[in-house]
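Residue-level structural notes
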Amino acid sequence: MDTEEAITHFGFRQVPEEAKTGLVRGVFDRVATRYDCMNDVMSFGLQRLWKTALIDALRPAPVMRLLDLAGGTGDIAFRALRRERRMEITVCDINQSMLAVGRDRAIDKNLLSGIDWLCGNAEALPLANRHYDACTVAFGIRNVTHIEAALKEVHRVLKPGGHFLVLEFSPSQPELLKAAYDWYSFHVIPRLGARIAGDAEPYRYLVESIRRFPPPRRFSVMLEGAGFANVSFRALSGGIVCLHSAWRI
Ligand SMILES: C[S@@+](CC[C@H](N)C(=O)[O-])C[C@H]1O[C@@H](n2cnc3c(N)ncnc32)[C@H](O)[C@@H]1O
């Protein structure tokens, strides 16, 4: 009998599918405490503008139920609550270390209500059907092993009329930008990781994983395949990042 195991990518490496989630968890375990600081340094603060674009598109409203998936240290949740304090937010992430940093940040900000912190895998959400008005995923979806399974899960937990917003790096750059962007990605970012977070390896994975993520048009097709309608995307900062929008009907 043929017992070939399923293979997937982890950055530029090929790994057994069943190993990827654990490897991704390890990456974020290693960077959790320096994660937010590194984001600002690596992106020259641009990540703040990208996240603001996401929150603008979300249009936070009173009693809106938001699932912030792969929500890590809670950055999107805090930004949403800053706009509208009466939202109910679930931050779901597979990594306990990232969530622990998020909870500490919430205490520092005196945000003791409004956010539930949930450890769970995007591919099998421990959440009820049709519960959320909106779902956001910022820089998380490319880390998921079976992206289609996660998209179907988001579709399941959103209410009809629910809004799904995904912020993600784009693998394809305009020719003019490409050489400089590649040089910065492969030479500077891992060095910054070593200097600031004490570990270059997670940042090598970061830049490689971006190159493995589907281009925006292909990701739109995946969203439609999961049942979403009115799918669109907007390129930010010359196409380094894309903001995808889709609706559950
Ligand atoms: C780059 S961080 C983004 C964190 C946060 N959304 C932000 O923008 O600051 C990616 C997050 O995805 C989480 N993640 C990776 N695979 C996941 C999965 N299968 N299910 C849920 N979360 C996952 C990681 O643990 C990590 O916290």
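In case you missed it, the structure is sitting above this.
Parameters at a glance
- Residues numbered from 1 in each chain as written.
- Predicted model: local features only at pLDDT ≥ 70, side-chain atom pairs only at ≥ 80, totals over all residues.
- Heavy atoms only, no water.
- Helix = DSSP H or I, 4+ residues; strand = E, 2+ residues; numbered from the N terminus.
- Buried < 20%, exposed > 50% of the residue type's maximum accessible area, 1.4 Å probe, protein only.
- Contact = heavy atoms within 4.5 Å.
- Polar contact = N/O pair within 3.5 Å; in protein donor to acceptor, adjacent residues only side chain to side chain.
- Near = heavy atom within 4 Å.
- Phe/Tyr/Trp six-rings, centres within 6.5 Å; stacked < 30°, edge-to-face > 60°.
- Lys NZ or Arg CZ within 6 Å of the ring centre and 35° of its normal.
- Axes fitted to C-alpha atoms, helices over the stretch in contact; angles between N-to-C directions.
- Parallel < 35°, antiparallel > 145°, perpendicular 65-115°, else oblique.
- Nonpolar A, V, L, I, M, F, W, Y, C, P; charged D, E, K, R; others polar.
- Pairing = 2+ DSSP bridges.
- Left-handed = near helix turned anticlockwise from the far one by under 90°.
- Right-handed = clockwise from strand over helix to strand, strands pointing away.

Considerations on the environment of Gln47
If you trace the backbone, Gln47 turns up in helix H3 (residues 46-58). By relative accessible area, Gln47 is classed as buried at 6%. Once the C-alpha coordinates of Gln47 and Val241 are considered, the two residues, 194 residues apart in sequence, prove to be 9.4 Å apart. Setting aside chain neighbours within four positions, we find Gln47 in contact with Asp36, Asn39, Asp40 and Asp75. A polar atom in the side chain of Gln47 sits 2.9 Å from the side chain of Asp40.

Quick notes on the site of the ligand
In the vicinity of the ligand, 19 residues are found, and the nearest of them are Ala70, Asp93, Asn121, Ala122 and Ala138. Measuring from an oxygen atom of the ligand, one finds a side-chain N or O atom of Asp93 at 2.6 Å. Contacts to the ligand include Asn121, whose side-chain N or O atom sits 2.9 Å from a nitrogen atom.

Let's talk about the packing of aromatic side chains
Under the criterion given, the structure shown has ten aromatic pairs. Linked through ring pairs, Trp50, Phe139 and Phe169 together constitute an aromatic cluster. In this structure, Lys109 is placed above the aromatic ring of Phe78, and the distance from its NZ or CZ to the ring centre is 5.2 Å.

What to know about the packing of helix H2 (residues 35-42) against H3
Put simply, H2 and H3 touch, their axes get as near as 6 Å, and they point 100° apart. Taken together, the axis directions place H2 and H3 in an arrangement best described as roughly perpendicular. Contacts between H2 and H3 involve Asp36, Asn39 and Asp40 from the first element and Gln47, Arg48 and Lys51 from the second. Of the residues contributing to the contact of H2 with H3, the split by class is no nonpolar, two polar and four charged.

Overview of the sheet that holds strand E3 (residues 65-69)
In spatial order, the strands read E5-E4-E3-E6-E7-E9-E8; together these seven strands make up an open sheet with mixed pairing. Of all the strands in the sheet, just strand E5 (115-119) and strand E8 (229-236) have a single pairing partner and so form its edges. If you compare each strand with its neighbour and ignore which way they point, the axes differ by 15° on average. Note that E3 and strand E6 (residues 132-138) share four bridges and pair parallel. Among the inter-strand pairings, Leu69 is bridged to a residue of E6, identified as Val137.

Quick word on the packing of H3 against helix H4 (residues 75-83)
Taken N-terminus to C-terminus, the directions of H3 and H4 make an angle of 55°; their axes are 10 Å apart at the nearest point. The pairing of H3 with H4 is recorded here as oblique in orientation. Crossing geometry of H3 relative to H4 is assigned as right-handed. Listed contacts from H4 to Gln47, Arg48, Lys51, Thr52, Leu54, Ile55, Asp56 and Leu58 of H3 are Asp75, Ile76, Arg79, Ala80 and Arg83. Here the residues of the contact of H3 with H4 sort into five nonpolar, two polar and six charged.

Structural notes on the pairing of strand E1 (residues 7-10)
Residues Thr8 and Phe10 of E1 are buried on one face, while the alternating residues Ile7 and His9, pointing to the opposite face, are not. Relative to strand E2 (residues 13-16), E1 runs antiparallel, the two sharing four bridges. By the bridge assignment, Thr8 is partnered in E2 with Val15. Connecting E1 to the next strand, E2, in antiparallel fashion are two residues, including Gly11 with a positive phi near 60°.

Some thoughts on the environment of Gly193
Assignment of secondary structure puts Gly193 in helix H7 (residues 175-197). The class of Gly193 is buried, set by a relative accessible area of 0%. Not counting residues up to four positions away in its chain, the partners in contact with Gly193 are Met38, Gly198, Asp199, Ala200 and Tyr203.

Notes on the pairing of strand E7 (residues 158-169)
Counting buried positions over the twelve residues of E7 gives nine, a clear majority of the element. Examined bridge by bridge, E6 and E7 share six bridges and lie parallel to one another. Following the sheet pairing, Val137 is matched in E7 by Val166. In this view, the connection linking E6 to its parallel neighbour E7 by way of helix H6 (residues 147-157) has right-handed handedness. Summarising the sheet, E7 and strand E9 (residues 241-247) pair through seven bridges and their orientation is antiparallel. By the bridge assignment, Glu168 is partnered in E9 with Cys242.

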